[in-house]
Amino acid sequence: MSITIFFPIVLSFVLCVLFVPLTIKFCRFYNLYDSVNARKIHSGNIPRLGGVAMMLAFLIGIIVYFIANYSNFDRNPISIVIAGVIIFVFGVFDDIFELPAIIKLVVQVIASVLVVVDKYSFHQIFKYNLPPYISILLTFCWILGIINAYNLIDGLDGLCGMLSLSALVTYGIILKDVFAEGSIISLILAASVLGFLVFNLPFPDAKIFMGDGGSQFLGFMIATIPLYSIRVSARTPLIDNFEYNKFLALLIIVSIPMIDTIAAIWRRLRDHKPIMSPDKYHLHHKFLNIGFNKRHTLFIISVIQVCICAAVVIVIFKRKTISIPVMSAVYVFMIGFFTVLHYASKSVTRRLLNRDKALREGNKAVPVEEDGVILP
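Cut-offs and rules
Residues numbered from 1 in each chain as written. Predicted model: local features only at pLDDT ≥ 70, side-chain atom pairs only at ≥ 80, totals over all residues. Heavy atoms only, no water. Helix = DSSP H or I, 4+ residues; strand = E, 2+ residues; numbered from the N terminus. Buried < 20%, exposed > 50% of the residue type's maximum accessible area, 1.4 Å probe, protein only. Contact = heavy atoms within 4.5 Å. Areas by Shrake-Rupley, 256 points an atom, 1.4 Å probe, with all protein chains shown as cover. Phe/Tyr/Trp six-rings, centres within 6.5 Å; stacked < 30°, edge-to-face > 60°. Core = buried A, V, L, I, M, F, W, Y, C linked by side-chain atoms within 4.5 Å. Salt bridge = Lys/Arg side-chain N within 4 Å of Asp/Glu carboxyl O. Lys, Arg positive; Asp, Glu negative; His and termini not counted. Axes fitted to C-alpha atoms, helices over the stretch in contact; angles between N-to-C directions. Parallel < 35°, antiparallel > 145°, perpendicular 65-115°, else oblique. Nonpolar A, V, L, I, M, F, W, Y, C, P; charged D, E, K, R; others polar. pLDDT = per-residue confidence, 0-100. Left-handed = near helix turned anticlockwise from the far one by under 90°. Polar contact = N/O pair within 3.5 Å; in protein donor to acceptor, adjacent residues only side chain to side chain.

An account of the overall build of the protein is requested, with residue identities and associated values reported.
Within the protein one finds 13 helices and two strands. When each of the 376 residues of the protein is scored for burial, the buried share is 52%. Within the protein, counting contacts between residues at least 6 apart in sequence, those at least 24 apart form 77% of the total. Accessible area for the protein stands at about 17,400 Å²; split by element, carbon and sulfur atoms hold 69% of it.

See below:
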């Protein structure tokens, strides 16, 4: 890795570590704290604009990289950075002013348009080329879905950051010889996220949250960076393998927030509740309900995420013949993991309810559990 690439990555990490304490002071001065609702598991006043420090560090790092590599500069990375900034800015407005859902959706669509018209889209699934209208529809659904999936998964100290960090490092590896600019963007952003995690991990508790601005920005970048379509004339066996496996590989990399969001949507539609309404039935809530603490929950989910990302990296550099069976097995494992966890948590809840019912029938005092999770 040359100095022109290594320096912006280190710079992004160092700047984020320096910017976060300043952001904490700013939030305390203006009383900008994260609200407590049914989805959150924290208490007390926690600053919620950590995404500002993360974004500033990333932008400075990426500008330094662009300047140092101006002679080899391709215009395509500019669109994704500009669109990401748009997502971030309105996410920060949402953190402060709580924007209506329709405004957030319009902003996400505008940002998606900026990148779709600049060659960021799904053009094939395995060996099948997609018709233009299917390609555009699938890409829009993908970007909007992943933005909101990472926003919804941001309910436990360090969780969204760890999921994002592993996904971005994976992109940095698999895109190195496919879309070099995307690889560098991923690594610079990963360094910024790592700097933010210094203050966001539950050791003992997070000192700052990234907020909707940070989580939506990360979701947008993770959804979009690997979508850049390679010119046909630039195809190599590795690029062909990546394009062949791209759709399934991305499904696996974002499987934790994606499956969790699909489950949340199904749950709320079933219960006739607004899709974006908060609750305590997410993946990390179920771990906590079973009896794990925040640190153990973060560790387990992070290990699973690293393992599935490693599986993607290995498969991308192998033959096509083994890619689909291996990645399909990984995705089936993830679905099974969510299913087992759901029923395990539900069993714990049922046992607690039966115990409390027996205590009430025996006219005994029933303990109150303020943080208990009652699953449907």
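That shown, we press on.
Residues and numbers for the packing of aromatic side chains, please.
With the rule as written, the count across this model stands at 16 aromatic pairs. When the centroid spacing of 5.8 Å and the interplanar angle of 50° are considered together, the rings of Tyr 65 and Phe 66 count as tilted. An identical accessibility class is assigned to Tyr 65 and Phe 66; each is buried. Residues Phe 126 and Tyr 244 carry aromatic rings whose centres are separated by 5.9 Å and whose planes lie at 55° to one another, so their mutual orientation is tilted. A residue pair is termed long-range when its members are at least 10 positions apart, and Phe 126 in the loop between β1 (124–125) and β2 (128–129) and Tyr 244 in helix α9 (residues 237–253) qualify at 118 residues. Judged by relative accessible area, which is 22%, Phe 126 ranks as partly exposed. Assessed through its relative accessible area of 17%, Tyr 244 is described here as buried. Members of the aromatic cluster, connected to one another through ring pairs, are Phe 287, Phe 292, Phe 337 and Phe 338.

Please give an account of the nonpolar core that cites residues and values.
Core analysis: the largest hydrophobic core is formed by 100 residues, its most contacted members being Trp 142 and Phe 220. Per-element accounting of this core gives the leading share, eleven residues, to helix α7 (residues 180–200). Not counting chain neighbours up to four residues away, the residues in contact with Trp 142 comprise Phe 122, Ala 223, Leu 227, Leu 250, Leu 251 and Val 254.

Lay out unusual backbone geometry in plain terms, naming residues and giving numbers.
Look at the link from Phe 203 to Pro 204: it is a cis peptide, with omega at 0°. Looking at the element boundaries, Pro 204 is found in the loop between α7 and α8 (211–224). Backbone geometry places Glu 98, a non-glycine residue, at a positive phi of 55°.

Please set out the pattern of salt bridges residue by residue, giving values where relevant.
Per the stated rule, a full pass over the model turns up ten salt bridges. As a salt-bridge pair, Asp 279 and Arg 268 come within 3.1 Å of each other at their nearest N and O atoms. In this pair, Asp 279 is assigned in the loop between α10 (255–270) and α11 (283–290) and Arg 268 in helix α10, connecting sequence segments eleven residues apart. For Arg 270, the salt bridge identified is with Asp 271, shortest N-O distance 3.1 Å. Here Arg 270 falls in the partly exposed class, since its relative accessible area comes to 35%. Here Asp 271 falls in the partly exposed class, since its relative accessible area comes to 32%. Here the salt bridges do not stand alone but share partners, grouping Asp 34, Arg 48 and Asp 95 into one network.

Requested: an account of the side chain of Asp 212, with residues and values cited.
Considering the arrangement of structural elements, one finds Asp 212 in helix α8. Buried and without a salt bridge, Asp 212 has Arg 48 as its closest oppositely charged side chain, separated by 4.2 Å. Residues in contact with Asp 212, not counting those within four places in the same chain, are Arg 48, Gly 91, Asp 94, Asp 95, Asn 151 and Phe 217.

Just give me the short version of the packing of helix α5 (residues 132–153) against α10, but keep the residues and values in it.
At their nearest, the axes of α5 and α10 sit 9 Å apart, and the two run at 85° to each other. In terms of orientation, α5 and α10 fall into the roughly perpendicular class. Facing α5, whose interface residues are Ala 149, Tyr 150, Leu 152 and Ile 153, α10 presents Pro 257, Met 258, Asp 260, Thr 261 and Arg 268. For the contact of α5 with α10, the class distribution of residues is six nonpolar, one polar and two charged.

Which residues make up the environment of Val 312, and what values go with them?
Mapped onto the fold, Val 312 is located in helix α12 (residues 294–316). The buried category is assigned to Val 312, whose relative accessible area is 0%. Along the chain, Val 312 and Leu 250 lie 62 residues apart, while their C-alpha atoms are 8.7 Å from each other.

Report on the environment of Phe 209, specifying residues and quantitative values.
Residue position: Phe 209 is located in the loop between α7 and α8. On the basis of relative accessibility, which here comes to 12%, the residue Phe 209 falls in the buried class. Sequence separation between Phe 209 and Gly 158 is 51 residues, and the spatial gap between their C-alpha atoms is 8.5 Å.

Account for the confidence of the model for the protein, naming residues and giving values.
When pLDDT is averaged along the protein, the result is 88; 89% of the residues meet or exceed 70. With pLDDT under 50 throughout, residues 368–376 is counted as low confidence; its partners more than four residues away or in other chains account for 22 contacts.

Which residues make up the packing of helix α2 (residues 50–68) against α7, and what values do they have?
As a packed pair, α2 and α7 sit with axes 9 Å apart at the nearest point and diverge in direction by 145°. As for the relative orientation of α2 and α7, their crossing is right-handed in sense. Packed against α2, whose contacting residues are Gly 50, Met 54, Ala 57, Phe 58, Gly 61, Ile 62 and Tyr 65, the element α7 presents Glu 181, Ile 184, Ile 185, Ile 188, Leu 189, Ser 192, Val 193 and Phe 196 at the interface.

Residues and numbers for the side chain of Asn 148, please.
With respect to the element layout, Asn 148 can be found in helix α5. Within the structure, Asn 148 has its side chain in polar contact with the backbone oxygen of Leu 144 (distance 2.8 Å). Every residue in contact with Asn 148, bar those within four places of it in the chain, is listed here: Gln 108 and Met 276.

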